[in-house]
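Each chain, written out:
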Amino acid sequence: MTKVDHLRISGQLPSPKGVALAIMEITRRDDATLDELARAVQSDPALASRLLRLANAAARASGRPVASVNEAVLRLGMATVRQLAIGFSLVDQYRDGACAAFDYPGFWSHSLFMAVASQELGRMVRVGSPEDLFACGLLAQIGRLALITAYPVDYAALLERQDGGVVLIELERQHLGTDRRELTAVIMADCGIPTALAEPVSHHDDPDASGFSEGSRPYQLAHLFFQARRMADLGLSPATERYGSISELMRLGSKIGLDASALGEVFDRVVAQWHEWAEVLKVPAGDLPSFEAMAEAPASRPGHESKAARTRTRVLLVEDDSTTRMMTEEVLSRILGCTVHVAENGRDALPLALEVTPQIVITDWLMPVMDGIELCSALRATDWGQSMYVIMLAGEETEEKIIEAFEAGVDDYLIKPVNVRALTARMRAAQHYVKLLEAWEGDRAQLKAFATELATSNRRLEHAAMTDLLTDLPNRRAGMEALTRFWSASLRTGQPVAALMIDIDFFKAINDRHGHAVGDRVLQEVAKAIQAAARKDDSVSRLGGEEFLLVCHNADPRSGLLAAERLRKMVKALKIGIGGVDIQTTVSIGVANRASCIENEDDLLKAADKALYAAKNAGRDRVCLFANGKTHCA
Ligand SMILES: Nc1nc2c(ncn2[C@@H]2O[C@H](COP(=O)(O)OP(=O)(O)OP(=O)(O)O)[C@@H](O)[C@H]2O)c(=O)[nH]1
């Protein structure tokens, strides 16, 4: 028996009680109805008002308020009501517990922040139903609570050891035989959260290591949860640690297509909702400044300057005379606080310069092996030697000689014997240059990083502009472009082309009976079936609502009809399992081909639409063909 089985059997996993438990039972049954579910919800006023609140938050976008529990349940759908009821029940039950080292209220405050952040991010990037994402965010770390509940004493010991820098998840596995990730997955499955959401949640700690292909829905979801988690971390972190989190959030935001200002707006909205929800669920939520205020430039923050000041300037001192060398080294390191490397001549200085990459080089002019001018020319001839600031120590050199030194790339010079005031003054100018250079290099690196992120973000936007977010299929715009391409190719090659307009039958009834979230799943499954039925080079797109377009190149009326019939049967055979119920559906399909009476691609689409209309009128679940100006139904 695995550790998880043991915990489950011994009743040690956090589980819902009371009405939430009854809701779990109802939604497990095949014959459950939304009315029955609504009645159960109504018997718990706190749950009813929380669900109404969420349904209304969702309805705000569509402009129609939700007034009754029945409507809220209908709107949210069975699966979502179940997840939320369980989530809220867990918050109520596990406000406190036996592990003294664990901050239970802080845990829920963080989870609630993550729930609201997941919901809001979901609303913006439209990668899933916001209410489902709320439930996922709320339960994303429930495995931790499960471990603390089952092992309060052992876990307190692990928390102490973690302070020593050991990764907690590894300790959990070593000492408790399971870890929070595994338990989160188990509890989420018990709550009825679909694997399509639970899997990205379980990878949200480290989404880049998840193996999800970039841009796919699970990839976007895992990044969304990671971003929501980081937002919650920022929301609950002490003021002194906030700045570092902000820049990371900005970088992460770009991964799901949010720029800095959109991120700031969403963060502030999340904080406001977090406060509202915290009051409803009786969970603490501290005050936070606006995102913009937290994102102020680091230069204005206390502590930053002192850290910069602690960075010591690297100086390479090249001097053959030991007295001058020792004295200059002393001033540089003791008085000016530099890190000094020394060499006795130009030949030894060159490899040392490569090794320590000094910011400033102070070199004597006359040396027995490779003099100062030669050293300077050699440094300037390399990539890495370009930006070093070179000060030449000169004896009685004439102006002519000094000009020669500048021409060799020297930045400044100092007359020997070196005196402390002159050296300090020259070094101040040199250090100013070093600082400016570093700031410029920092800006350049940041610009480079921004340019890369911008390019990625643009690619993502370009993809998003042509992709339907729900089904991942090309959207109407992309579909129309493909139709034009196929039409032109058909004119060029003389090969036939077919357009198939596909529409799900009685789709409104699916939404009404099972909720919008289930409707979305049906759309996704039908989209997959159409994609699977299409040939590799055909074009499949979602035109909008429950309507899809399949354009087949080199397809005459007969093969267009055959393809449509094959697709109709495939959809009819689909069993879409949701919350223990198998949902079935059918499609009507209108087929049209390029023919002499059809002048352009718009007419082809209209002809397919007429055939689709005929299929609907003839009773649905059938294929009709438009040919010779008439529709023909099978
Ligand atoms: N879940 C979900 N529903 C959608 C989406 N887009 C449109 N709808 C719904 O799809 C339904 C389409 O309904 P109708 O146009 O009446 O068509 P139908 O019920 O399929 O009936 P027939 O086409 O006549 O068989 C409406 O209720 C829309 O709200 C979506 O992205 N997700």
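Here is what the cut-offs are and how they apply
Residues numbered from 1 in each chain as written. Predicted model: local features only at pLDDT ≥ 70, side-chain atom pairs only at ≥ 80, totals over all residues. Heavy atoms only, no water. UniProt positions renumbered as here; feature names shortened; annotations may be inferred. Helix = DSSP H or I, 4+ residues; strand = E, 2+ residues; numbered from the N terminus. Buried < 20%, exposed > 50% of the residue type's maximum accessible area, 1.4 Å probe, protein only. Contact = heavy atoms within 4.5 Å. Areas by Shrake-Rupley, 256 points an atom, 1.4 Å probe, with all protein chains shown as cover. Pairing = 2+ DSSP bridges. Right-handed = clockwise from strand over helix to strand, strands pointing away. Disulfide = S-S within 2.5 Å. Axes fitted to C-alpha atoms, helices over the stretch in contact; angles between N-to-C directions. Parallel < 35°, antiparallel > 145°, perpendicular 65-115°, else oblique. Left-handed = near helix turned anticlockwise from the far one by under 90°. Nonpolar A, V, L, I, M, F, W, Y, C, P; charged D, E, K, R; others polar. Phe/Tyr/Trp six-rings, centres within 6.5 Å; stacked < 30°, edge-to-face > 60°. Near = heavy atom within 4 Å. Polar contact = N/O pair within 3.5 Å; in protein donor to acceptor, adjacent residues only side chain to side chain. Core = buried A, V, L, I, M, F, W, Y, C linked by side-chain atoms within 4.5 Å. Domains from an automatic or database assignment. Salt bridge = Lys/Arg side-chain N within 4 Å of Asp/Glu carboxyl O.

The protein chain has the name diguanylate cyclase in an unreviewed UniProt entry, where Candidatus Accumulibacter aalborgensis is given as its organism. UniProt lists a comment for the protein chain under the heading Catalytic activity (unreviewed entry), and it reads "2 GTP = 3',3'-c-di-GMP + 2 diphosphate".

**Notes on the overall build of the protein chain**
Summing up its helical and strand segments, the protein chain has 28 helices and 13 strands in all. Across the 634 residues in the protein chain, those meeting the buried criterion constitute 48%. Contacts in the protein chain between residues at least 24 apart in sequence constitute 67% of all its contacts with a sequence separation of at least 6. A total accessible area of about 30,300 Å² is found for the protein chain, and carbon and sulfur atoms account for 53% of it.

**Comments concerning the pairing of strand E1 (residues 314–318)**
Residues in a regular strand point their side chains to alternate faces of the sheet. The buried fraction of E1 is high, at four of five residues. Examined bridge by bridge, E1 and strand E2 (residues 339–343) share five bridges and lie parallel to one another. Residue pairing for E2: Val318 is matched across the bridge by Ala343. Where the polypeptide runs from E1 across helix H19 (residues 322–335) and back to E2, its parallel neighbour, the crossover connection is right-handed. With four bridges joining them, E1 and strand E3 (residues 360–364) adopt parallel strand pairing. Bridge pairing in E3 places Leu317 opposite Ile362.

**Here we look at the state of the cysteines**
The full count for this structure, using the stated rule, is one disulfide. Each sulfur in the disulfide pair Cys624 and Cys633 lies 1.8 Å from the other. Because the sign of the S-S torsion sets the handedness, a value of about 105° for the bond joining Cys624 and Cys633 places this disulfide among the right-handed ones. Cys624 sits in the buried class, given a relative accessible area of 0%.

**Notes on the packing of helix H7 (residues 104–125) against helix H9 (residues 142–150)**
Relative orientation of the contacting elements H7 and H9 amounts to 165°, with a least axis distance of 11 Å. What the angle tells us is that H7 and H9 run roughly antiparallel. Judged by the twist between their axes, the crossing of H7 over H9 is left-handed. Between H7 and H9, the contacting residues are Tyr104, Phe107 and Trp108 on the first element and Ile142, Arg144, Leu145 and Ile148 on the second. Residue composition of the contact of H7 with H9, grouped by class: six nonpolar, no polar and one charged.

**Notes on the packing of aromatic side chains**
Evaluation of the coordinates by the stated rule reveals 11 aromatic pairs. Pairing Phe88 with Phe134 gives two aromatic rings, centres 6.3 Å apart and planes at 70°, and the pair type is edge-to-face. Here Phe88 is found in helix H6 (residues 78–93), whereas its partner Phe134 is found in helix H8 (residues 130–139), with 46 residues between them in sequence. Overall, the relative accessible area of 0% leaves Phe134 in the buried class.

**Points about the site of the ligand**
Around the ligand, a shell composed of 16 residues is seen, among which Phe507, Lys508, Asn511, Asp520 and Arg620 lie nearest. At 3.2 Å from an oxygen atom of the ligand is found a side-chain nitrogen or oxygen belonging to Glu546. Between an oxygen atom of the ligand and a side-chain N or O atom of Lys616, the distance comes to 2.9 Å. Out of a free accessible area of 670 Å², the ligand has 66% covered by protein chains. Every element with two or more residues in the shell around the ligand is listed here: strand E6 (497–504), helix H25 (507–514) and helix H26 (516–533). Tallying contributions element by element places H26 first for the shell around the ligand, with four residues. Considering only residue class, the shell around the ligand consists of four nonpolar, four polar and eight charged.

**Concerning the nonpolar core**
Residues Trp108, Phe113 and Phe134 are the most contacted members of the largest nonpolar core, which totals 100 residues. Residue assignment places this core across two domains, with domain 1 (1–93) and domain 2 (96–296) each supplying three or more. Phe134 has contacts with Leu54, Leu84, Phe88, Leu112, Ala115, Val116, Gln119 and Trp277, leaving out every residue within four places of it along the chain.

**Considering the sheet that holds strand E4 (residues 389–394)**
What the five strands build is an open sheet, ordered E2-E1-E3-E4-E5; its pairing is parallel. Looking at the sheet topology across the chains shown, the edges are occupied by E2 and strand E5 (412–415). Strand-to-strand, the axes of this sheet are offset by a mean angle of 20°, without reference to chain direction.

**Concerning unusual backbone geometry**
In the segment running from Lys416 into Pro417, the intervening peptide bond is cis, with an omega of -5°. Within the chain, Asp472 stands out as a residue other than glycine whose phi angle is a positive 70°. Look at Asp621: it is not a glycine, yet its phi comes out positive at around 50°.

**Let's talk about the environment of Arg29**
Here Arg29 lies in the loop between helix H2 (18–28) and helix H3 (34–42). Assessed through its relative accessible area of 34%, Arg29 is described here as partly exposed. The sequence separation of Arg29 and Val581 amounts to 552 residues, and the corresponding C-alpha distance is 8.3 Å. At 3.0 Å, the side chain of Arg29 forms a polar contact with the side chain of Asp31.

**Points about the UniProt feature "modified residue: 4-aspartylphosphate" (unreviewed entry) in the protein chain**
Under the local residue numbering, the UniProt record ascribes the feature "modified residue: 4-aspartylphosphate" (unreviewed entry) to Asp364. Relative to the assigned elements, Asp364 resides in strand E3.

**Quick look at the side chain of Thr80**
In this fold, Thr80 is placed in helix H6. For Thr80, a relative accessible area of 0% translates into the label buried. In this structure the side chain of Thr80 is engaged in a polar contact, spanning 2.7 Å, whose partner is the side chain of Asp132.

**Things to note about the pattern of salt bridges**
Under the counting rule described, the total for this entry stands at 33 salt bridges. When the shortest N-O distance is used, the salt bridge between Arg542 and Asp468 registers 3.1 Å. You can see Arg542 sitting in strand E7 (residues 539–544) and its partner Asp468 sitting in the loop between helix H23 (420–466) and helix H24 (476–493), a full 74 residues away along the chain. Exposure class is identical for Arg542 and Asp468. Each is buried. Bridged by salt links that share partners, the residues Glu565, Arg568, Lys572 and Asp621 form one connected network.

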